[in-house]
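What follows is the residue order along each chain.
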Amino acid sequence: MDTIVASIENQADPSQRIDINYVQEDNAFVTQGIQTHFAEKEISIPAHLVVTDFQLMGVIVSEILEKLSRARDGETTFEYASRLQVLDKVYSLEDGGEYMMLKEVSSE
């Protein structure tokens, strides 16, 4: 059973609420609501990344939601960025079938 650990609401439109669930069998935190509100894939964040920095999950999801909202309000196309920098670290978002999978990029 999935457990909701946090929720993020769009300040401009509180009906746009994204829940973040812990999915034990995947050992990951997964968004729920991006597909419903924006017709884009949900995001899966491995638990080991969240344990290292719990703030990471909220910052990443909030940043993506902001871009989704801006694209929809401006009636432009949204695409997940293949790389993003959050809290001084670089991450990749890769298509994992049902989800966009967040992965930490090794420092080179």
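The structure we're discussing is the one just above.
Everything numeric here is computed off the predicted structure, so don't read it as measured data.

Trainee: Explain the overall build of the protein to me, using residue names and the numbers behind them.
Mentor: The number of helices and strands found in the protein is three helices and seven strands. Of the regular secondary structure in the protein, the N- to C-terminal order runs β-β-β-α-β-α-α-β-β-β. In terms of C-alpha radius of gyration, the protein reaches 13 Å, essentially the compact-globule figure of 13 Å for 108 residues. Each principal axis of the C-alpha atoms in the protein carries an extent, and together these give about 35 × 35 × 25 Å. With 108 residues in all, the protein has 38% of them scored as buried. Excluding contacts between residues fewer than 6 apart, the proportion of contacts in the protein whose partners are at least 24 apart in sequence is 35%. Accessible area of the protein: about 6700 Å², with a carbon and sulfur share of 46%.

Trainee: How would you explain the layout of surface pockets if you had to name every residue and give the values?
Mentor: The computed volume of the largest pocket comes to approximately 250 Å³. Around the largest pocket, the lining is made up of 15 residues, and of these N10, Q11, L65, E66 and S69 lie nearest the centre. Looking at the lining of the largest pocket, the elements that each hand over two or more residues are strand 1 (3–9) and helix 3 (54–73). Counting residues per element, the lining of the largest pocket draws most heavily on helix 3, at seven residues. Residue classes in the lining of the largest pocket are distributed as four nonpolar, five polar and six charged.

Trainee: Tell me what's going on with the nonpolar core, and back it up with residues and numbers.
Mentor: Residues I45, I60, I64, L65, Y80 and L93 are the most contacted members of the largest nonpolar core, which totals 27 residues. The set of elements that each furnish at least two residues to this core consists of strand 2 (17–23), helix 1 (34–38), strand 4 (42–46), helix 2 (47–52), helix 3, strand 5 (83–86), strand 6 (89–95) and strand 7 (99–104). Ranked by residues supplied to this core, first place goes to helix 3 with eight residues. In contact with I60, not counting residues within four places along its chain, are L84, V86, Y91 and L102.

Trainee: Tell me about helix 3, residues and numbers included.
Mentor: Across its 20 residues, helix 3 extends 30 Å between first and last C-alpha, which sits within 8% of the 28 Å expected from 1.5 Å per residue. Within the sequence span of helix 3, burial applies to L56, M57, I60, V61, I64, L65, L68, S69 and A71. Looking one or two residues beyond helix 3, the residue adopting positive phi is E75, at roughly 50 degrees.

Thresholds applied
Residues numbered from 1 in each chain as written. Predicted model: local features only at pLDDT ≥ 70, side-chain atom pairs only at ≥ 80, totals over all residues. Heavy atoms only, no water. Helix = DSSP H or I, 4+ residues; strand = E, 2+ residues; numbered from the N terminus. Rg over C-alpha atoms; globule rule 2.2 N^0.38 Å. Buried < 20%, exposed > 50% of the residue type's maximum accessible area, 1.4 Å probe, protein only. Contact = heavy atoms within 4.5 Å. Areas by Shrake-Rupley, 256 points an atom, 1.4 Å probe, with all protein chains shown as cover. 1 Å grid on protein atoms, 1.4 Å probe; cavity = no way out; pocket = protein on both sides within 12 Å on 5 of 7 lines; lining within 4 Å. Points joined across faces, edges and corners; volume = space filled by probe spheres on them. Nonpolar A, V, L, I, M, F, W, Y, C, P; charged D, E, K, R; others polar. Core = buried A, V, L, I, M, F, W, Y, C linked by side-chain atoms within 4.5 Å. Expected span 1.5 Å × (residues − 1).

Taken by themselves, the reported measurements are silent on function.
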